[in-house]
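# Reading the structure
Next come the chains, spelled out residue by residue.
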Amino acid sequence: MSLDRIRASSARADSPLTAAILAGRWIRSAAADDENGRRWLANPDPHGGSAVTSEPWSLYSGAAGVVLFFLELAAATGHEAYLEDARQGARRLAATWREKQDDLSLYHGLTGTMVALMEAGWVLGDGAFEAEAAAIADVIVRRGREFEGGVGWSRDPAQRGEGGVILGLLRAAAHLGVPAYEEAAVEAGLRIARLPVPGHRFGDCADLPVDAVTPGFLAGTAGTAFLLARLYGVTGDERFLFAARSGAAFVREISVVSGGCAVVPHHVPHARELHYLGFCSGSAGVARMFYELYRVGGDPGDLEWVERLAKGIVKSGVPRRRTEGYWNVACQCCGTAGLIEFFVGLWAATGEESHLEYARGLATDLIGRATDHDGRGYRWYQAYRRLRPGEVTADTGYMVGAAGIGAALLHLDAAGQADRPRRVILLPDNPFPAIPLPASVLR
């Protein structure tokens, strides 16, 4: 199915909140209940397949991410029914997580389930969910093992591996008030900080040459430098700041800078001209690293790099123009929703109105690309994998589908509510304000 055949009328004028509600309607149509609670089919279309391997519990594409979306939709609308959706999803996560202990990572494993249960427990006032989150954190800490140079869980220091686990433990330590979780996170972080250039990873990414180096966020240097900057902010230990700046220096060195704009290669040395714009491997994710460095270190040069990356996105001509690094993709991971998340966050951090206006333009384009051909609600058909443009699917999940798209639209909606500020749910690797309003507006 081509993009043109599913594109809705350009005259569509839905608000971000209305579009998020309609995304929720479609996700609800995918609900599947059993004695343990609720999960959601990755793609409820007749004969429809998912963009990713089935992960019915994960933050990336499964129930953990959908639970977070429904918690936010309830906060935005005041409708209790969405809280019940979230409650039933959290109930199933709490009942079944012990069956799925092979993957500890944030986006695909137990750490993401832990984050969802903490948020559900806090919003719903249900201590049982927080108790299950603490039980997961205990399992994660116990499963740490000795590697060369220290303790950890994975040989992959990036956000998709060790980095995401550490960020989750830091969130759990603050949320649950257990210092042992922070201690385990810091110990594992010190091992990563000793790497020559933190975050380098060779030959462990699908479709990449074995000697590729990825500077991006989920699988590369920028995400690991973000983690180290976060650890510096938590501990004040200069070893973390030094290592984070080492990673940031590498990213700056290989970036293309022109006229106040910057873009980052997808991988080097082979793809210096391939510049993703989204969260996973492109500018929106790399900018998070520079903003975290600015947040904890106060160097205006880091904020300047955030702005350079933002200007590079704007200069590319998206969303009107498709580029090699911004194809038919709408999701949080590598598409439009991730860009909305970035520009809303940057506006909240800086108060620069142009960032919010750009986010609104992105949202107009994104809402115009939604389809509801059967009256069951909004979904977004996309070619999730850039190298497989004919593989077009629509998913319900957070990083790959409607839940994450809906969440980004809700964050934009919250940014327009200066008279009624509300907290939005940001994942542990998002450095921007959880109330998406500039400090000058809140005073």
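Residues numbered from 1 in each chain as written. Predicted model: local features only at pLDDT ≥ 70, side-chain atom pairs only at ≥ 80, totals over all residues. Heavy atoms only, no water.

As annotated in an unreviewed UniProt entry, the chain carries the name Lantibiotic modifying enzyme and is attributed to Nonomuraea angiospora.

### Concerning helix H8 (residues 179-193)
This is how the line gets drawn: Each helix is a run of DSSP H or I of at least 4 residues and each strand a run of E of at least 2, with the numbering of both proceeding from the N terminus. Each helix should span, by expectation, one fewer than its residue count multiplied by 1.5 Å. The buried label goes to any residue with under 20% of its type's maximum accessible area, the exposed label to any with over 50%, and the partly exposed label to all in between, with areas taken from a 1.4 Å probe on protein chains only. In this description, contact between two residues means that some pair of their heavy atoms is separated by no more than 4.5 Å.
An ideal rise of 1.5 Å per residue puts 21 Å on 15 residues; H8 measures up with 21 Å between its terminal C-alpha atoms. Three or more residues of H8 are buried, namely Tyr 181, Ala 184, Ala 185, Val 186, Ala 188, Gly 189, Leu 190, Arg 191, Ile 192 and Ala 193. Check the buried side of H8 and you find it contacts helix H6 (127-142), strand S3 (145-147), strand S4 (150-152), helix H7 (159-176), helix H9 (221-235) and helix H10 (238-254).

### Concerning the packing of helix H3 (residues 63-77) against helix H5 (residues 110-124)
The criterion, for reference: All axes here are fitted lines through C-alpha atoms, helices being fitted over the stretch that makes contact, and every angle between N-to-C directions spans 0 to 180 degrees. With respect to orientation, any angle under 35 degrees is reported as roughly parallel, any angle over 145 as roughly antiparallel, any angle of 65 to 115 as roughly perpendicular, and every other angle as oblique. Whether a crossing is left-handed or right-handed is set by the direction in which the near helix is turned from the far one by less than a right angle, anticlockwise for left-handed and clockwise for right-handed. Side-chain classes follow a simple rule in which Ala, Val, Leu, Ile, Met, Phe, Trp, Tyr, Cys and Pro form the nonpolar group, Asp, Glu, Lys and Arg form the charged group, and the remainder, Gly included, forms the polar group.
Running from N to C, H3 and H5 point in directions that differ by 25°, and their axes come no closer than 9 Å. Taken together, H3 and H5 sit at an angle that is classed as roughly parallel. The two elements H3 and H5 cross, and the hand of that crossing is left-handed. Taking contact as the criterion, the partners of Ala 64, Val 67, Leu 68 and Leu 71 in H3 are, on H5, Gly 112, Thr 113, Ala 116, Glu 119, Ala 120, Val 123 and Leu 124. A per-class count over the contact of H3 with H5 returns 8 nonpolar, 2 polar and 1 charged.

### Focus: helix H11 (residues 283-297)
In this model H11 runs 21 Å from its N-terminal to its C-terminal C-alpha over 15 residues, within 8% of the 21 Å that 1.5 Å per residue would give. Counting buried residues along H11, 12 of its 15 residues qualify, which places the element largely inside the surrounding structure. The complete set of buried residues in H11 reads Ser 283, Ala 284, Gly 285, Val 286, Ala 287, Arg 288, Met 289, Phe 290, Tyr 291, Glu 292, Leu 293 and Val 296. Looking at the buried side of H11, the elements it contacts are H9, H10, strand S6 (261-263), helix H12 (300-315) and helix H13 (336-350).

### A short note on the nonpolar core
Rules: We define a nonpolar core as any set of buried Ala, Val, Leu, Ile, Met, Phe, Trp, Tyr and Cys residues linked to one another through side-chain atoms lying within 4.5 Å.
Met 289 and Phe 342 are the most contacted members of the largest nonpolar core, which has 150 residues in total. Take this core: its biggest share by element is 11 residues, from H3. Setting aside its immediate chain neighbours within four residues, Met 289 contacts Phe 217, Ala 222, Ala 225, Phe 226, Ala 248 and Val 251.

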